Amino acid sequence: MKRLISKRIICVMLAFGIIVSAEVFSPAAEKAVGENNSRIDDEFISQNRSEYEYVCSDGDIALWYRQDIGAYQIKNTDNIVLWNSVITDELYDLDEFGGKWLNYMQSVLAIRYTLNTDTSGNFMKSYSAAETTSIKSYRLEKGIRQVIEFKDSEITVTLDTILSDGGLTVMVPKDGIVEKGDFCLVSFEIMPFFGAGTVNEDGYLVYPDGNGALTYFDTYNKRNINSTALTLDVYGTINTEEIDGDDNNYPASMPLFGIKKGERAFAAAVTSGDDAVSISVNPALDISPVELNYEYFSFSYRQTYKIYLSGIGSSESASSGTKLSDAIGGKRSVRYFFLSGNEANYSGMANVYRDFLLKNKLLNPVNDVEEPCVYLMLFMGAKNLNSLFGGVTNVTTFEEVQKIISDYREAGVKNLNVTLRGWNKGGYGSGSLKINPDRKCGGKAGFTKLIKFVNSCNGVKLFLELNFLELSSEKLSFGLKQSAVLLGNSTTLTDKEKEKYLLSPLRFETLYKKANKKISKFGNVEIAVCSVGELIYTDYRRSKTQSRKQTMDVFKQVSDTGVQGANLYMLSTAKYLYDVPFENSTDRITDEQIPLVSSVIGGSIPMTSGVGNMTADYDLLKLRWIEYGLCPSFELTYDSPVKLGETNYTVLFSSRSSKWEKTVADTYNIWVEKLSDIYGKRVISHEKIGEGVVRIVYENDAKVYLNYKMEDTEIDGITVKAKDFTVVKTEGTADDKK
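From a predicted model like this one, the values you see are computed outputs, not experimental measurements.

Participant: Quick one: what's the story with the packing of aromatic side chains, residue by residue and with numbers?
Facilitator: Per the stated rule, a full pass over the model turns up 44 aromatic pairs. These aromatic residues form a ring-pair network of at least three members: Trp83, Phe194, Phe257, Phe266, Phe297, Tyr336 and Phe338. The ring of Phe582 has Arg624 sitting right over it, with the charged end atom 4.3 Å from the ring centre.

Okay, structure coming up:
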């Protein structure tokens, strides 16, 4: 399906540069308050110690610290090392390395910086373990404060490491970055090699590419020779240059990754500063200097944008350079959740992160849709590209929406969530920013009758899709620069054809409030908002610059609505999520796709992705819906989609509601009769127990066995038919699909 707004935007790539080093100094002067009001002790850590010293304990784990390079270890009560923050000689032969890579592998912090007058994008890199870096270390009640001075750049970063509640928090405080010289900090990596694994270890990397993906340590020799490391920009690309650009990083909907090593694992999540962070996934590759598997968060401290050095106002012939934005304020923190035994896997990572989100009210606690429901996206009309006067080609009217709902209810589909697309004036993609039903769809009279009808139907919920974010130039109100997002060079953010623009967050806030106030008067009707769950961005308008964090806060005001996408900041208020990330980037490093994001959200918010009438293998899609905890969804029309051939919406090829009525009804009955035991329940364990075979365990102990193979398969003593599933209910009885 064509996306309403591309989730990927061109990013300015930052490269490795120069190296820095390490010194130790510990006067008891710089007193401060750490996380949770843990005071800093006057006693400083012993200088230049090359051995790990005990710091503190929490439950059955302890934190140990090595002063000379500022490194940490997590040990258990038997004094066995569970996790290292840096690469050690025991893990990897460090004698073969020197210079940059040796410093990098033994650093808890790496920074990228540039001259504050640079316009050529010349970035340099320094490391906390290098000889020209000094580290002052102070004891906290439950950890260590490091004041890390990168002397070559005169940049100082304070890093607090706290052991609490069975996990580790690493934080750069709000005022923890100081720039004294001619250099500007651009970004920094926190503990880039924490928990890294070798190619000879049993383990894997987990990351939120699409819905989720993993890469095994031992598939090093099986990867494509052209494979490269993967960068995932959380909530959409950080450094925005162009809509629908070709040279993009992939987005991630959650600031989360994990590493499993043998019988232990950890999940790492950003708990502050998630508005400007990326995930770097680095499996061992042929082109890698080291045969290590590691992941880390890279925090942006400044964004970059293009400036024109000559030919201002021209396009491709202009000479351009790079300029930095102002510093991005606020603290940054990463939480490491430690797992062991049966919980040391990607399901355990999803579970512990979900519990954290629920505890901190960042995720809706309970799915309020108690019974299975089918989700219909009904497409109504689109702009006719051959019309001189902007005419609309209509394929569904408000009256026909009533008929579809009535027919499907008569066919046995009692619970329907219906979202209307292309219903507003001008049809799909018109850029209309007001509640104004299109005349060809039935106008205000037809709209009013539909609302009255829906309010009389039990089990039917109606959503009106509104695209506040994507604008077309001919529909912009109050002038282009008053409504569209501006780049740092004061040009508008647009695509190559200069046809699409993004609405500024300030305008979005005003328009959404007006629309929501108007919709609230209609009764059992709500808004479905395009793209707010897919990306955030910066708007560089003078005196009213809106950062990514401010844009995120504006989007959070969208509450109790349908939301396109599944970005974390929308999960505390969304009514349902559609177009949830389903497929990953098909990057060459991925060994398996997993339902990581769905496992976190499932049981809290209904989700849809994958359209039943737009797949070549419907039976396969049904299995994937079940595996990923998704509700059945279809995008339908009353009339033939062939009529849309000369419009801006040509993705539908089989969508007539009459043709799909029986399939939708049969699917609904399967969900009601066979899947009611697990509907709305949280996943506790997801496991691939053989090629094409999956077992899922839910919070009520019910199990689902999925067989993607072309032949019947026996699993745990239960025969599952080819391309089918079996539910074992809570009381232990098997219930086949057919």
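Now, onward.
Participant: How would you sum up helix H2 (residues 346-359)? Please name residues and give values.
Facilitator: Taking 1.5 Å of rise per residue, the 14 residues of H2 would be expected to cover 20 Å, and the 20 Å separating its terminal C-alpha atoms lies within 8% of that figure. Tyr346, Ser347, Gly348, Met349, Ala350, Asn351, Tyr353, Arg354 and Leu357 are the residues of H2 that are buried. Of the residues flanking the start of H2, the one acting as N-cap is Asn345, its side-chain oxygen 3.1 Å from the backbone nitrogen of Ser347. At the exit of H2 stands Lys361, carrying a positive phi of roughly 60°.

Participant: Give a description of the sheet that holds strand S4 (residues 61-66) that names residues and reports values.
Facilitator: Ordered by their spatial adjacency, four strands build an open sheet running S3-S4-S5-S6, and the pairing between neighbours is antiparallel. The open sheet has two edge strands, strand S3 (52-58) and strand S6 (81-84), and neither has a second partner. Across the sheet, the mean angle from the axis of one strand to that of its neighbour is 25°, orientation sign disregarded.

Participant: Lay out the packing of helix H6 (residues 505-519) against helix H7 (residues 548-555) with the relevant residues and their values.
Facilitator: Packing of H6 against H7 brings their axes to within 10 Å, and their N-to-C directions diverge by 5°. In this view, H6 runs roughly parallel relative to H7, as classed from their interaxial angle. Along the contact surface, H6 presents Pro505, Phe508 and Glu509, while H7 presents Thr551, Val554 and Phe555. Looking at the contact of H6 with H7 residue by residue, the classes come out as four nonpolar, one polar and one charged.

Participant: Before we move on, can you summarise the pairing of strand S44 (residues 724-728) with the specific residues and values?
Facilitator: The buried fraction of S44 is high, at five of five residues. For strand S41 (residues 703-707) and S44, the ladder comprises five bridges, and the chain directions are antiparallel. When the sheet's bridge partners are listed, Tyr705 is paired in S44 with Thr726.

Participant: Kindly report on the sheet that holds strand S35 (residues 562-565), identifying the contributing residues and their values.
Facilitator: Sheet strands pair by backbone hydrogen bonding; their relative direction is either parallel or antiparallel. Spatial strand order, S36-S35-S34-S31-S30-S27-S38: seven strands in an open sheet with parallel pairing. One side of each edge strand has no neighbouring strand; the edge strands of this open sheet are strand S36 (576-578) and strand S38 (633-636). Averaged over all adjacent pairs, the angle separating strand axes in this sheet is 25°, with direction ignored. When strand S27 (residues 374-379) meets S38, the two strands line up parallel, connected through four bridges. Within S38, the position partnered with Leu376 by the bridge is Phe634.

Participant: Account for unusual backbone geometry, naming residues and giving values.
Facilitator: Phi angles above zero are rare outside glycine, and Ser531 is one such case at about 70°. Turning to its location among the elements, Ser531 is positioned in strand S34 (residues 525-533). Backbone geometry places Asp716, a non-glycine residue, at a positive phi of 50°. Residue position: Asp716 is located in the loop between strand S42 (713-715) and strand S43 (718-720).

Quick notes on the rules
The written sequence of each chain sets the order in which its residues are numbered from 1. A pLDDT threshold of at least 70 governs which residues receive local features in this predicted model, and a stricter bar of 80 or more applies before side-chain atom pairs are shown or counted, although totals over entire chains, interfaces and linings include all residues. Values shown for side chains rest on all heavy atoms present in the structure; no hydrogens or waters enter the calculation. In this analysis, rings of Phe, Tyr and Trp, with Trp reduced to its six-membered ring, are considered paired at centre separations within 6.5 Å, and the interplanar angle assigns stacked below 30 degrees, edge-to-face beyond 60, and tilted for intermediate values. Placement of a positive charge over a ring is assigned whenever Lys NZ or Arg CZ falls within 6 Å of the ring centre and within 35 degrees of the normal to the ring plane. A run of H or I in DSSP becomes a helix once it reaches four residues, and a run of E becomes a strand once it reaches two; helices and strands are each numbered from the N terminus. Helix span, as expected, comes to 1.5 Å for every residue beyond the first. Exposed residues in this analysis have more than 50% of their type's maximum accessible area, buried residues have under 20%, and partly exposed residues fall in between, with area computed by a 1.4 Å probe over protein chains only. By the criterion applied in these results, polar contacts are pairs of N or O atoms within 3.5 Å in which, for protein atoms, one can donate a hydrogen and the other can accept it, and in which residues neighboring in sequence qualify only through two side-chain atoms. Two strands qualify as a pair provided DSSP detects at least 2 bridges between them. Under this scheme, a helix contributes an axis fitted over its contacting stretch, all axes are lines through C-alpha atoms, and angles between N-to-C directions fall in the 0 to 180 degree range. Any angle that falls under 35 degrees is termed roughly parallel, while one over 145 is termed roughly antiparallel, one within 65 to 115 roughly perpendicular, and all others oblique. The contact criterion used is simple: two residues touch if any of their non-hydrogen atoms lie within 4.5 Å. Here the nonpolar group is Ala, Val, Leu, Ile, Met, Phe, Trp, Tyr, Cys and Pro; Asp, Glu, Lys and Arg are the charged ones; every other residue, Gly included, is treated as polar.

Spatial relationships are all this shows, so hold off on functional conclusions.
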